[in-house]
Amino acid sequence: VLAYQAVQVIRRKLRDQGESMSWKSLRAILQRQYRVTATFKQRDGRTLHVRQATEAEPELQAIYDKLRLPSLPGGVKKMKI
């Protein structure tokens, strides 16, 4: 139920901005962006993990702009182990 409500809010906000699309179309655009983790071995023997989202394609960037959301969700996370 919560996911359904979230989808409806997104679609309503886009519709208010003049962008009308089905959930299927919206999902196809949204699934083009991924979060990836790069792992590096450091000289001191520890491992560095860097996690961030891929760059948003133009269609997706337009959706983020209309929703006033950052194009790199989650920011960059770094963790040393």
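Look a little higher up for the structure.
The text that follows walks through the structure, step by step, so that each part is easy to find. (Residues numbered from 1 in each chain as written. Predicted model: local features only at pLDDT ≥ 70, side-chain atom pairs only at ≥ 80, totals over all residues. Heavy atoms only, no water.)

Notes on the nonpolar core
Keep this limit in mind: Among buried residues, those of type Ala, Val, Leu, Ile, Met, Phe, Trp, Tyr and Cys that are joined through side-chain atoms within 4.5 Å constitute a nonpolar core. Buried means the residue's accessible area, taken with a 1.4 Å probe over protein chains only, is under 20% of the maximum for its type, while exposed means over 50%, and partly exposed covers the values in between. Secondary structure counts use DSSP, requiring at least four H or I residues in a row for a helix and at least two E residues in a row for a strand, with both numbered from the N terminus.
Grouped together as the largest cluster of nonpolar side chains are nine residues: Leu14, Met21, Leu26, Ile29, Ala56, Leu60, Ile63, Tyr64 and Leu67. Those elements that provide at least two residues to this core are helix 2 (23–30) and helix 3 (58–67).

As for the sheet that holds strand 3 (residues 77–80)
Spelled out, the test is: Here, a strand pair is defined by DSSP locating no fewer than two bridges between the strands. Axes, fitted as lines to C-alpha atoms, cover a helix only where it is in contact. Angles between the N-to-C directions of the axes lie from 0 to 180 degrees.
Here we have three strands laid out as an open sheet, ordered 1-2-3, and antiparallel in their pairing. Each having just a single partner strand, strand 1 (35–41) and strand 3 make up the two edges of the open sheet. The sheet shows a mean angle of 15 degrees between the axes of neighbouring strands, taken without regard to direction. Across four bridges, strand 2 (residues 47–53) lies against strand 3 in antiparallel orientation. Of the residues in strand 3, the one forming a bridge with valine 50 is lysine 78.

A word on the pattern of salt bridges
Oppositely charged side chains are able to pair whenever their charged atoms sit close together. Note the cut-off: Throughout this description, the term salt bridge denotes a Lys or Arg side-chain nitrogen within 4 Å of a carboxyl oxygen of Asp or Glu.
Considering all chains together, one arrives at four salt bridges under this definition. Glutamate 19 is the salt-bridge partner of lysine 66, the closest N and O atoms lying 2.8 Å from each other. A residue pair is termed long-range when its members are at least 10 positions apart, and lysine 66 in helix 3 and glutamate 19 in the loop between helix 1 (2–16) and helix 2 qualify at 47 residues. Accessibility expressed as a relative area gives 28% for lysine 66, which makes it partly exposed. Arginine 32 is the salt-bridge partner of glutamate 57, the closest N and O atoms lying 3.6 Å from each other. Residue glutamate 57 is found in the loop between strand 2 and helix 3, and its partner arginine 32 is found in the loop between helix 2 and strand 1; the two are separated by 25 residues along the sequence. When its relative accessible area of 37% is taken as the criterion, glutamate 57 is described as partly exposed. Sharing partners across several salt bridges, the network here consists of Arg32, Glu57 and Glu59.

Considerations on unusual backbone geometry
Within the chain, arginine 68 stands out as a residue other than glycine whose phi angle is a positive 55 degrees. Assignment of secondary structure puts arginine 68 in the loop between helix 3 and strand 3.

Some details on the pairing of strand 1
In this sheet, strand 2 lies alongside strand 1 in antiparallel orientation, the contact comprising seven bridges. Bridge assignment links valine 36 to a residue of strand 2, and that residue is glutamine 52. Count of turn residues in the strand 1/strand 2 antiparallel hairpin: five residues, of which glycine 45 carries a positive phi of about 95 degrees.

A word on the side chain of threonine 47
Stated formally: Residue contacts are defined here by distance: any two heavy atoms, one from each residue, within 4.5 Å place the two residues in contact.
In this fold, threonine 47 is placed in strand 2. Among the residues examined, threonine 47 registers a relative accessible area of 17% and is labelled buried. Each residue touching threonine 47, except ones within four places of it in the same chain, is listed here: Thr39, Phe40, Lys41, Met79, Lys80 and Ile81.

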